[in-house]
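Understanding the architecture of this molecule
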Amino acid sequence: CLKHNLVGGSASNDEGDIVVEGMASGATLTALHGCITVRQADNCVILGRQVVVGQATNCAIVADAITLDVSEACTVAARAITVRIARSRRELDTVLLVLLPDLSTYAAQIAALEKKCAALDKEIAEHRSRIDALRSEKEVASYLLLASKLRREEVTLSPDQQVGWRRLSALVAPVLRTMSQLAEVAKELDGNLNDLRTEHDEVTAAREQACRGIACTVECVEGETRVSTLLLRLADTPLSALPGKDLKARLRRTDAATRLLFTGSAGHFAWSYRPPSA
């Protein structure tokens with residue numbers, strides 16, 4: 001917590017927060033796992049998990065969530081952005097970039113799991129179909145029917161019938177063993193399928209969590225302001241790892257990774273992310 005101004009230089013906190021009660025000018029503030037709160041910031045680079053600034057002028061700010069009372073010619077990138085007033089300054093517009101998650105890994109995982117589930121479903125169906133085919137064989141069907149009646153004590157066998165029963169039992173024993181083995185394999189495959197479905201649900205939930213809370217609101221646009229989405233691939237260099245000059249250039253650049261949502265010098269803007277269906 002700095003109770004006075006921070007002019008030039010830098011302040012960082014690896015685990016906690018940073019509070020500047022005065023003005024920060026030409027400084028770099030870094031708290032990637034904490035909240036950075038500044039009353040007034042001018043020409044600063046601010047990198048945090050959460051950033052709250054009263055008045056920011058010509059700053060580059062990257063965080064998960066950013067709240068600015070007044071933004072003048074700033075470049076801002078976050079998953080959630082809230083700005084009360086957005087202005088331009090000396091022909092420099094305010095640029096707000098809403099960071100979108102790279103869902104390609106989730107998509108690949110979900111597709112692979114669905115493919116495995118489909119293959120297991122087919123394999124289980126084949127085992128059960130084979131069991132049904134064996135069960136429907138004449139001798140096996142007769143044995144199973146009589147065995148069921150004997151268990152329920154619905155019939156009793158004479159001595160001659162018991163001889164025939166033992167002969168039938170010996171005849172179908174190999175088939176019954178095969179059916180039992182197939183049933184065991186099908187049961188194991190069922191367990192594997194349930195595990196895959198649980199993993200599928202977990203990946204889907206993680207994908208949904210990655211898409212939550214992505215939004216941008218500008219209550220009042222009083223000067224040239226541009227709002228776009230920015231999709232950063234997992235293979236791309238994180239914005240927070242770029243040098244200050246490169247960061248400012250990257251945030252102002254329009255390319256295939258950006259998609260324009262709003263541009264104008266008056267009005268207001270509100271948008272929230274709707275992820276593509278899985």
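Note on numbering: residues in each chain are counted from 1, in written sequence order. In view of the model being predicted, local features appear only for residues whose pLDDT reaches at least 70, and side-chain atom pairs are presented and counted only at 80 or more, with totals across whole chains, interfaces and linings using the full set of residues. The side-chain quantities take in all heavy atoms of the structure and omit both hydrogens and water.

**A look at the overall build of the protein chain**
Condition: Secondary structure elements follow DSSP: runs of H or I no shorter than four residues count as helices, runs of E no shorter than two count as strands, and numbering proceeds from the N terminus. Here the radius of gyration uses the C-alpha set of atoms, whereas the globule reference equals 2.2 Å times the residue count to the power 0.38. Relative accessibility under 20% of the residue-type maximum defines a buried residue, over 50% an exposed one, and the middle range a partly exposed one, all with a 1.4 Å probe and only protein chains included. Contacts: residue pairs with any heavy atoms within 4.5 Å of one another. Note on areas: these come from Shrake-Rupley sampling with a 1.4 Å probe, and a residue is covered only by the protein chains present in the view. His is not counted here, nor are the chain ends, while Lys and Arg score as positive and Asp and Glu score as negative. Throughout, a charge is located at the NZ atom of Lys, the CZ atom of Arg, the CG atom of Asp or the CD atom of Glu.
When helices and strands are counted, the protein chain shows four helices and 14 strands. The globule rule puts the C-alpha radius of gyration for 278 residues at 19 Å, and the 33 Å found for the protein chain is more than 25% above it. C-alpha extents for the protein chain along the principal axes are approximately 110 × 35 × 30 Å. Within the protein chain, the proportion of its 278 residues that are buried is 37%. A sequence separation of at least 24 residues applies to 48% of the contacts in the protein chain between residues at least 6 apart. A total accessible area of about 15,500 Å² is found for the protein chain, and carbon and sulfur atoms account for 51% of it. The average position of the 34 basic charges and that of the 35 acidic charges among the side chains of the protein chain differ by 2 Å.

**Topic: a negative patch on the surface**
Short version of the rule: Note that patches include only residues with greater than 30% relative accessible area and no salt bridge, and the join distances are 9 Å for like charges and 5 Å for nonpolar side chains (Val, Leu, Ile, Met, Phe, Trp, Tyr). Here, a salt bridge means any side-chain nitrogen of Lys or Arg that lies within 4 Å of a carboxyl oxygen of Asp or Glu.
Together, Asp195, Glu199, Asp201 and Glu202 give the surface a local cluster of negative charge. Take Asp195: it is sitting in helix α3 (residues 159–211).

**Description of the nonpolar core**
Short version of the rule: Put simply, a nonpolar core is a bunch of buried Ala, Val, Leu, Ile, Met, Phe, Trp, Tyr and Cys residues held in one set by side-chain atoms that sit within 4.5 Å of each other.
One finds Ile46 and Ile61 to be the most contacted residues of the largest nonpolar core, which totals 40 residues. For this core, the element with the highest residue contribution is strand β4 (residues 28–42), accounting for five residues. Sequence-distant contacts of Ile46, defined by excluding residues within four places in its chain, comprise Leu29, Ile36, Ala41, Val51, Val53, Ala60, Ile61 and Val62. Judged by nonpolar contacts, the second largest core, of 12 residues, contains Val45, Val62, Val95 and Leu97.

**Focus on the packing of aromatic side chains**
Our working definition: Between the rings of Phe, Tyr and Trp (Trp by its six-membered ring), a pair exists once the centres lie within 6.5 Å; its type follows the angle of the planes, with under 30 degrees stacked, over 60 edge-to-face, and the other angles tilted.
Here the structure, examined in full by the defined rule, presents two aromatic pairs. Aromatic pair Phe262 and Phe269: ring centres 5.5 Å apart, planes at 40 degrees, arrangement tilted. A single burial state applies to Phe262 and to Phe269, both of which are buried. Ring geometry for Trp271 against Tyr273: centres 6.3 Å apart, planes inclined by 45 degrees, an arrangement best described as tilted. One exposure class covers both Trp271 and Tyr273, and it is buried.

**A look at helix α1 (residues 104–135)**
Selection criterion: What a helix is expected to span follows from its residue count: subtract one and scale by 1.5 Å.
The end-to-end C-alpha separation of α1 is 46 Å, in line with the 46 Å expected for 32 residues at 1.5 Å each. In this structure, the buried side of α1 is in contact with α2 (138–151) and α3.

**Brief notes about the packing of α1 against α3**
Quick note on the threshold: An axis is simply a line fitted to the C-alpha atoms; with a helix, the fit covers only the stretch in contact. Between two such axes, the angle follows the N-to-C directions and lies from 0 to 180 degrees. The cut-offs work like this: below 35 degrees is roughly parallel, past 145 is roughly antiparallel, 65 to 115 is roughly perpendicular, and the gaps in between are oblique. Note on convention: near helix rotated counterclockwise from far helix by under a right angle means a left-handed crossing. Clockwise means right-handed. Put simply, Ala, Val, Leu, Ile, Met, Phe, Trp, Tyr, Cys and Pro go in the nonpolar bin, Asp, Glu, Lys and Arg in the charged bin, and everything else, Gly too, in the polar bin.
At their nearest, the axes of α1 and α3 sit 9 Å apart, and the two run at 160 degrees to each other. Between α1 and α3, the interaxial angle falls into the category roughly antiparallel. Both α1 and α3 take part in a crossing whose hand is left-handed. Of the residues belonging to the contact of α1 with α3, the class tally is 20 nonpolar, six polar and 11 charged.

**Quick notes on the pattern of salt bridges**
Following the criterion strictly, the structure yields 12 salt bridges and no others. Between Asp190 and Arg128 there is a salt bridge, and its shortest N-O distance comes to 2.3 Å. Of this pair, Asp190 sits in helix α3 while Arg128 sits in helix α1; the two residues are 62 residues apart in sequence, bridging distant segments of the chain. With a relative accessible area of 40%, Arg128 lands in the partly exposed category. Here the residues in one salt-bridge network are Glu72, Arg87, Arg89 and Glu222, joined through shared partners.

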